[in-house]
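Structural description and commentary
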Amino acid sequence: MNIGKPKIIAGAIGLVMLMVGANYGQFEVVEYGLRAEAAREADHWAQQFFRNTPDSENLLSTNAFSAEQLATLQETAEFGDIVKYQLYDASGKLVVDHASGSAAATGAGDEQALDVLRSGKAIASVGSPDRFLTDAQANSAASGLTFIAKVVLPIHRADGRIAGVVLAYVDQSEVRAAFRIATNTLSITLSSIFTITLGGLFIGFLVARKREGKSRQHVDFLAKYDQLSHLYNRAGFKEKLEANVASGIIDPARMVVMFVDIDHFKHINDTYGHKAGDGFLNHVGQTISKCLQAPDFAGRFGGDEFVIVAQRSDLAEAGRLAEHLQSMISTPIIVDGETISTSISIGIHFENHQSFTFDQRMHKADLALYQAKADGRNTHRFFTNELELGIARRRKVESAVLNGLNQGLFSLAYQPLLQEDSLKCIGFQALLRLVDKDGESIPPEEFIPVAESVGAIGPIGLWVLNTAAEAACAWPEPLSVSVNLSVRQFADGHLAEAVSQTLTRTGLDPRRLELEITESLLMDASIDADAQLSALRDLGVSIAMDDFGTGYSSLGYLWKYGFDKLKIDRSFVIGIEDRDVRAREILETIIVLGHRLNMVVIAEGVENKAQADILSGMSCDQFQGFLYGRPMPAEDLPGFLLKNATTRNEQGLSGESRISGPEIGQL
Ligand code: C2E
Ligand code: MG
């Protein structure tokens with residue numbers, strides 16, 4: 001068949017056009033694919049950036065940067081193929097410029113950013129680096145940069161509104177080069193459509209492979225951050241610290257380490273639920289972050305423990321930062337519809353000692369935190385060597401107190417109480433003793449407050465009550481036993497019940513049990529002292545007001561509660577024989593007052609005859625003191641009572657007294 005020359009020419013032209021068209025189509029498809037991939041990449045990156053940057057929405061609206069935000073910005077830029085980025089606010093003004101590494105001055109609205117803000121749609125274009133970057137930028141970007149995409153994307157808030165715009169330059173060199181190889185390897189004579197299809201598939205494969213690589217980078221990134229507080233986690237914190245010290249950003253000689261703990265965080269969780277608890281942790285993390293300026297930074301090490309590393313010149317500066325944190329965090333906030341307010345305790349380590357490792361500094365800051373908590377929380381404490389010794393001591397006492405009942409470290413000593421006129425023993429005060437496993441005797445003034453603060457005084461006090469009541473049952477009637485009660489023993493409101501059970505179990509006559517309380521009980525508004533004291537009274541036990549004169553010394557309380565006995569504190573008796581008239585007048589006034597209110601008055605700490613004579617002259621009813629007998633173990637009591645009776649007989653003192661004593665034969 002004769003096709004004819006014109007037809008051949010037309011066919012050739014058609015074939016060339018088809019090939020050119022197919023190649024042009026191939027080029028278009030590749031460009032389209034690269035733009036779409038770059039847009040996806042930039043979008044993914046922007047989402048990560050917003051998820052990981054603390055308070056990112058505010059960053060765009062206020063242009064105020066915290067140290068943490070800046071740090072996250074830098075870190076975020078490191079993953080993904082982002083060569084350069086800029087962030088614009090909702091009015092199209094430049095807020096962050098990657099090139100300057102920090103906040104940039106806002107200028108006039110960027111045209112492309114404004115376009116995206118208006119349309120709400122992303123714009124992407126691709127090309128060689130010199131199309132988008134200056135020479136210096138291209139050189140400073142990753143080596144081998146041959147092809148990049150410029151993407152301008154809207155950033156949406158949680159409520160869907162546009163918060164700003166991100167402009168990112170994405171490195172597309174690798175994807176494009178790979179496609180080149182694909183197209184070169186395949187023959188140019190193959191069907192263009194076949195080439196395009198294969199090329200498309202190959203790009204898909206490469207994109208998937210790159211995604212996988214990025215996911216890994218993303219996981220690495222997340223591994224450094226605590227997702228709840230948006231601060232560093234332990235690993236990220238250490239890495240950052242090491243890097244900053246190595247690069248000289250942090251000077252170890254000026255390094256302040258702060259250990260921050262939320263006071264009673266468990267209570268927040270228990271009261272408001274874990275969701276609100278998480279919200280509160282986030283609030284604390286963000287607040288800490290806002291209080292810090294680079295190079296200071298913070299991390300959350302788990303639970304409610306936050307750690308800060310800061311650069312300060314002296315203790316006063318470090319203290320000011322701690323005070324600032326305390327005041328910011330104590331401001332009440334609303335989480336999940338609940339108004340939550342709490343305080344923080346801070347332990348601070350600051351010593352001009354380059355050689356300390358971070359773990360050593362942390363340990364010392366932790367000790368200071370322990371002290372801040374022991375001192376009532378809502379405060380900060382600095383580490384000192386004395387504090388370390390004090391804490392070691394406190395830990396030893398705490399351990400003895402907590403294990404004392406199980407390990408039999410507690411015992412009771414009994415000190416005699418005597419009638420003033422007859423010097424007859426009328427009973428004993430039970431005094432708690434604690435001897436640690438190493439044989440050290442820890443004084444009650446030291447271990448009782450510790451037992452109170454660790455919440456162990458309840459069971460210990462009950463043990464004292466039961467042991468003393470059992471011991472008193474073995475004594476001749478009507479010898480009484482006095483037991484000290486701590487305010488904390490009244491806290492749960494079940495004390496009268498416990499005393500009643502002790503009386504029933506031991507069979508002790510309630511009139512032989514005396515309970516010593518202090519004024520602090522009556523001043524504690526959280527305790528219903530009225531009801532509990534009258535319930536105790538109803539059991540038939542007597543109640544003594546101990547340490548009178550050392551505290552509030554309220555006449556009102558004495559009158560209101562009508563105690564059975566008033567114990568004058570030892571400090572009034574010490575050296576009374578050498579003191580001036582005024583000191584004696586005060587002592588006498590207290591005794592007169594006690595008598596007027598129908599109380600038996602006993603003086604503690606009588607150590608010599610001169611003191612006893614003065615007190616007798618003032619009509620004090622009873623004595624307790626080393627002059628008559630020191631606290632002694634239960635097995636020494638029969639011997640003491642025998643001696644007491646013998647001495648009285650020898651001195652011709654009668655057994656007559658307001659409270660009669662035991663007969664020797666009864667022992
Ligand atoms: P307190 O209840 O005022 O006990 C009297 C303290 O004065 C006892 O000290 C006693 O040994 C001491 N004392 C008595 N006469 C003299 C004296 O002539 N000279 C001197 N220098 N001291 C004298 P102790 O046994 O060391 O107890 C101290 C405090 O510890 C007690 O003061 C009490 O507040 C507390 N305590 C002791 N045992 C218990 C207990 O079982 N429960 C509670 N909650 N507190 C206890
Ligand atoms: Mg007492």
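A brief look at the structure comes next. (Residues numbered from 1 in each chain as written. Chains lettered and ligands numbered in written order. Predicted model: local features only at pLDDT ≥ 70, side-chain atom pairs only at ≥ 80, totals over all residues. Heavy atoms only, no water.)

**Describing the coordination of the magnesium ion (ligand 2)**
Heads up, the rule is: The donor set covers N, O and S atoms within 2.8 Å of the metal, switching to 3.2 Å for Na, K and Ca, and it leaves out water, so a site may look short of donors. A run of H or I in DSSP counts as a helix once it spans at least four residues, and a run of E counts as a strand once it spans at least two, with each numbered from the N terminus.
Distances from the magnesium ion (ligand 2) to its protein donors, Asn484 (OD1), Glu516 (OE) and Asp546 (OD), fall at 1.7 to 2.5 Å. Donor residues for the magnesium ion (ligand 2) sit on one chain with the sequence pattern N-x31-E-x29-D. Of this pair, Asn484 sits in strand β17 (residues 480-484) while Asp546 sits in strand β19 (residues 542-548), placing them 62 residues apart in sequence.

**Focus: the environment of Ala544**
Applicable threshold: The contact rule is simple, with two residues in contact once any of their heavy atoms fall within 4.5 Å.
With respect to the element layout, Ala544 can be found in strand β19. Considered as a pair, Ala544 and Phe563 are 19 residues apart in the sequence and their alpha carbons are 5.9 Å apart. In this structure, Ala544 is in contact with Glu514, Leu515, Glu516, Ile517 and Lys565, ignoring residues within four places of it in sequence.

**Focus on the layout of surface pockets**
In plain terms, the rule: In this analysis the probe radius is 1.4 Å and the grid spacing 1 Å, with only protein atoms considered; a cavity is a set of points the probe fits into but cannot get out of, a pocket is an open set with protein on both sides within 12 Å along at least five of seven lines, and lining residues have an atom within 4 Å of a point. Grid points are joined across faces, edges and corners, and a volume is the space filled by probe spheres set on the points. In this classification, Asp, Glu, Lys and Arg are treated as charged, Ala, Val, Leu, Ile, Met, Phe, Trp, Tyr, Cys and Pro as nonpolar, and every other residue, Gly included, as polar.
Each pocket or cavity is described by its volume, and for the largest pocket that value is around 1,000 Å³. As for the largest pocket, its lining consists of 34 residues, of which Gln429, Leu431, Pro444, Glu445 and Asn484 are closest to the centre. Residue assignment for the lining of the largest pocket shows that the elements contributing at least two residues are β15 (425-435), α15 (444-453), α16 (457-473), β18 (513-517) and β19. Considered class by class, the residues forming the lining of the largest pocket number 13 nonpolar, 11 polar and 10 charged. Counted as a void, the second largest pocket has a volume near 440 Å³. Along the wall of the second largest pocket there are 17 residues; nearest its centre are Leu418, Leu423, Leu627, Tyr628 and Thr647. Contributing elements (two or more residues each) for the lining of the second largest pocket: α23 (609-617) and α24 (637-650).

**Some thoughts on the site of ligand 1**
Operational definition: The cutoff for a nearby residue is simple: one of its non-hydrogen atoms must lie within 4 Å of the molecule or strand. In protein, a polar contact requires one atom able to donate a hydrogen and another able to accept it; more generally it is a pair of N or O atoms within 3.5 Å, and residues adjacent in sequence count only if both atoms are side-chain atoms. Exposure was quantified through the Shrake-Rupley algorithm and a 1.4 Å probe, taking into account, for residues, occlusion by the shown protein chains and nothing else. Should more than half of a molecule's atoms lie within 2 Å of a pocket's or cavity's grid points, that molecule is taken to sit in it.
Taken together, 22 residues lie near ligand 1, and Arg433, Asn484, Arg570, Glu607 and Phe626 sit nearest. Within the contact set of ligand 1, an oxygen atom lies 3.0 Å away from a side-chain nitrogen or oxygen of Glu604. Here a nitrogen atom of ligand 1 and a side-chain polar atom of Glu607 are 2.5 Å apart. Contact with the protein chains hides 85% of the accessible area of ligand 1, taken as 790 Å² for the molecule alone. More than half of the atoms of ligand 1 fall within 2 Å of the grid points belonging to the largest pocket. The set of elements that each furnish at least two residues to the shell around ligand 1 consists of β15, α15 and β19. Examining the composition of the shell around ligand 1, we find that 4 residues originate from one element, β15, more than from any other. Class assignment for the residues of the shell around ligand 1 results in 8 nonpolar, 6 polar and 8 charged.

**Structural notes on the pattern of salt bridges**
What counts is decided by this rule: Think of a salt bridge as a Lys or Arg side-chain nitrogen and an Asp or Glu carboxyl oxygen that are within 4 Å of each other. Buried, partly exposed and exposed residues are distinguished by accessible area as a fraction of the type maximum, computed with a 1.4 Å probe on protein chains only: under 20%, between the cut-offs, and over 50%, respectively.
Across all of its chains, the model carries 22 salt bridges by this definition. In this structure, Arg312 and Asp296 form a salt bridge, with 2.9 Å as the shortest nitrogen-oxygen distance. Here the residue Arg312 occupies a position in the loop between β9 (305-311) and α12 (315-329), and Asp296 occupies one in the loop between α11 (274-291) and β8 (297-302), the gap between them amounting to 16 residues. Asp296 matches Arg312 in its accessibility class, with the two residues each being buried. Two residues, Lys396 and Asp438, come together in a salt bridge whose shortest N-O distance is 2.5 Å. Residue Lys396 is located in helix α14 (residues 385-404), and its partner Asp438 is located in the loop between β15 and β16 (441-442); the two are separated by 42 residues in the primary sequence. Residue classification places Lys396 among the partly exposed residues on the basis of a relative accessible area of 22%.

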